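Coordinates in review
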Amino acid sequence: MRALVSRISAYESFRERLFSGELKPGQFLTQRELAELAGVSLGSAREAIQKLEHDSLLKVHPQRGIQVTDVTNKFIRESFQLRSILELAAIPFYCETGQEQSRETLKTTKAILERAKTDSSSEVLNAAVDVDWQFHDELIKATHNDLVEETYQINTLRLRLIRANIRLDAKRVLGALAEHVEILEACVSGDPVTAQEKLRNHMMVAMRRAMEGM
């Protein structure tokens, strides 16, 4: 049990350091450095590294060391393309079965959007980011498909790595939430075709923002 806790602790520790920006894209480290960073044994670090490589967050290079995944335009494009494929397929389910949820999410999104227009503090911007993630999570959950959700969760780790290396900008956050409002309004109206088109445009803009923000 203690060994399992160590493995989970090492994995979560490395992951949070990636998402906080403490570990930088393209940075090289050794297994020993990562183990010391997380305060775990080399064995626990090694298993965590294998999982992080599976999640596309690290890359092990024989004879060279362990590299934090470099956030290139290709990495961003592929991550957002996969997100688009999954969510564009999911949104008709969300419009059909999640109208009560979409009404509540629309209300929450509008509230934080109005607040963010006059308050660009990190607290408000972080709350706006949380609302952003919540909406995308809800879309996927509406499919009730475990395989889709598993694929989405792995890709979300890639998206979080991208976001960790983009400066949190009020204009970018406000733009994203305004686009969410349009998508949600279409869902509440029971219009999956418009919701899908609005979501497609949102994804294209989000990918462009990510590339410009690097």
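As a starting point, this report considers the structure included with it. (Residues numbered from 1 in each chain as written. Predicted model: local features only at pLDDT ≥ 70, side-chain atom pairs only at ≥ 80, totals over all residues. Heavy atoms only, no water.)

1. Comments concerning helix H2 (residues 31-38)
Residue pairs spaced three or four apart in an α-helix point in one direction, given the helix's 3.6 residues per turn. This is how the line gets drawn: Relative accessibility decides the category of a residue: with a 1.4 Å probe and only protein chains considered, values under 20% of the type maximum give buried, values over 50% give exposed, and everything between is partly exposed. Strands here are runs of E lasting at least two residues and helices are runs of H or I lasting at least four, both read from the DSSP assignment and numbered beginning at the N terminus. To be clear, the arc concerns the directions from the helix axis to the C-beta atoms.
All of the buried residues along H2 are Leu34, Ala35 and Ala38. Taken end-on, H2 shows its buried residues confined to a sector of 100°, consistent with a single buried face. In H2, the exposed residues that point more than 90 degrees away from the buried face are Arg32 and Glu36. Gly39, located one to two residues past H2, shows a positive phi value of around 70°.

2. Quick look at the sheet that holds strand E1 (residues 28-29)
Rule in force here: What makes two strands pair is DSSP finding at least two bridges between them. Every residue pair with non-hydrogen atoms within 4.5 Å of one another is taken to be in contact. Here an axis means a line fitted to C-alpha atoms, over the contact stretch when the element is a helix, while the angle between two N-to-C directions is reported on a 0 to 180 degree scale.
The antiparallel open sheet is built from three strands, whose spatial order is E1-E3-E2. The sheet is open, and its two edges are formed by E1 and strand E2 (58-61), each paired on a single side. One ladder, built from two bridges, connects E1 with strand E3 (residues 65-68); its direction is antiparallel. Each bridged residue has a counterpart across the sheet, and for Phe28 the counterpart in E3 is Gln67. Relative to the sheet, helix H3 (residues 42-54) contacts E2 and E3, its axis offset from that of E2 by approximately 115°.

3. Focus: empty space enclosed by the protein
The cut-off we apply is this: Using only the protein atoms, space was sampled on a 1 Å grid; points where a 1.4 Å probe fits but cannot get out form cavities, open sets with protein on both sides within 12 Å along at least five of seven lines form pockets, and lining residues are those with an atom within 4 Å of a point. Grid points are joined across faces, edges and corners, and a volume is the space filled by probe spheres set on the points. Side-chain classes are defined by residue name, with Ala, Val, Leu, Ile, Met, Phe, Trp, Tyr, Cys and Pro counting as nonpolar, Asp, Glu, Lys and Arg as charged, and the others, Gly among them, as polar.
Overall, the coordinates contain one cavity of 30 Å³ or more when judged by the stated rule. Here the largest cavity is characterised by a volume of approximately 350 Å³. Contributing to the lining of the largest cavity are 22 residues, with Asp132, Arg163, Arg172, Ala176 and Ala206 lying nearest its centre. Elements represented by at least two residues in the lining of the largest cavity include exactly helix H4 (73-97), helix H6 (122-141), helix H7 (146-164), helix H8 (170-188) and helix H9 (192-213). A total of five residues in the lining of the largest cavity trace back to one element, the largest contributor, which is H6. Per-class residue counts for the lining of the largest cavity are 13 nonpolar, two polar and seven charged.

4. Thoughts on the environment of Leu23
Counting through the fold element by element, Leu23 comes out in the loop between helix H1 (2-20) and E1. Between the alpha carbons of Leu23 and Ala38 there is a distance of 12 Å; along the sequence they are 15 residues apart. Sequence-distant contacts of Leu23, defined by excluding residues within four places in its chain, comprise Phe14, Arg17, Leu18, Leu29, Leu34, Leu37 and Val68.

5. Some remarks on the state of the cysteines
Test applied: Any cysteine sulfur atom paired with another within 2.5 Å is treated as part of a disulfide.
This model, assessed by the stated rule, comprises zero disulfides. Cys95 carries a free sulfur, and the closest cysteine sulfur to it, the one in Cys187, is 3.0 Å from it. Accessibility expressed as a relative area gives 5% for Cys95, which makes it buried. Cys187 gets classed as buried once you look at its relative accessible area, which sits at 0%.

6. Overview of the side chain of Glu138
What counts here: The charge count includes Lys and Arg as positive and Asp and Glu as negative, but it does not include His or the ends of the chains. By definition, a salt bridge exists where a carboxyl oxygen of Asp or Glu is found within 4 Å of a side-chain nitrogen of Lys or Arg.
On the secondary structure map, Glu138 appears in helix H6. For the buried Glu138, no salt bridge is present, and the opposite-charge side chain at shortest range is Lys141, 7.7 Å distant. With sequence-adjacent residues up to four places away left out, Glu138 is seen in contact with Tyr94, Gln101 and Thr105.

7. Description of the nonpolar core
The criterion, for reference: Residues enter a nonpolar core if they are buried and are Ala, Val, Leu, Ile, Met, Phe, Trp, Tyr or Cys, with the set joined through side-chain atoms within 4.5 Å.
Counting 32 residues, the largest nonpolar core has Phe14, Leu18 and Ile162 as its most contacted members. At five residues, the largest contribution of residues to this core is made by H1. Membership of the second largest hydrophobic core comes to 25 residues, among which are Tyr94, Leu125, Leu184 and Leu199.

8. Some details on the packing of helix H5 (residues 99-118) against H8
Note the threshold: With respect to orientation, any angle under 35 degrees is reported as roughly parallel, any angle over 145 as roughly antiparallel, any angle of 65 to 115 as roughly perpendicular, and every other angle as oblique. Two helices that cross are described as forming a left-handed crossing if the nearer one is turned anticlockwise from the farther one by less than a right angle, and a right-handed crossing if clockwise.
The geometry of H5 relative to H8 is characterised by a closest axis approach of 9 Å and an angle of 155° between their N-to-C directions. In terms of orientation, H5 lies roughly antiparallel with respect to H8. Pair H5 / H8 crosses with left-handed handedness. Only Leu174, Leu177, Ala178, His180, Val181, Leu184, Glu185, Cys187 and Val188 of H8 make contact with H5, whose side of the interface consists of Gln99, Ser102, Arg103, Thr105, Leu106, Thr109, Lys110, Ile112, Leu113, Ala116 and Lys117.

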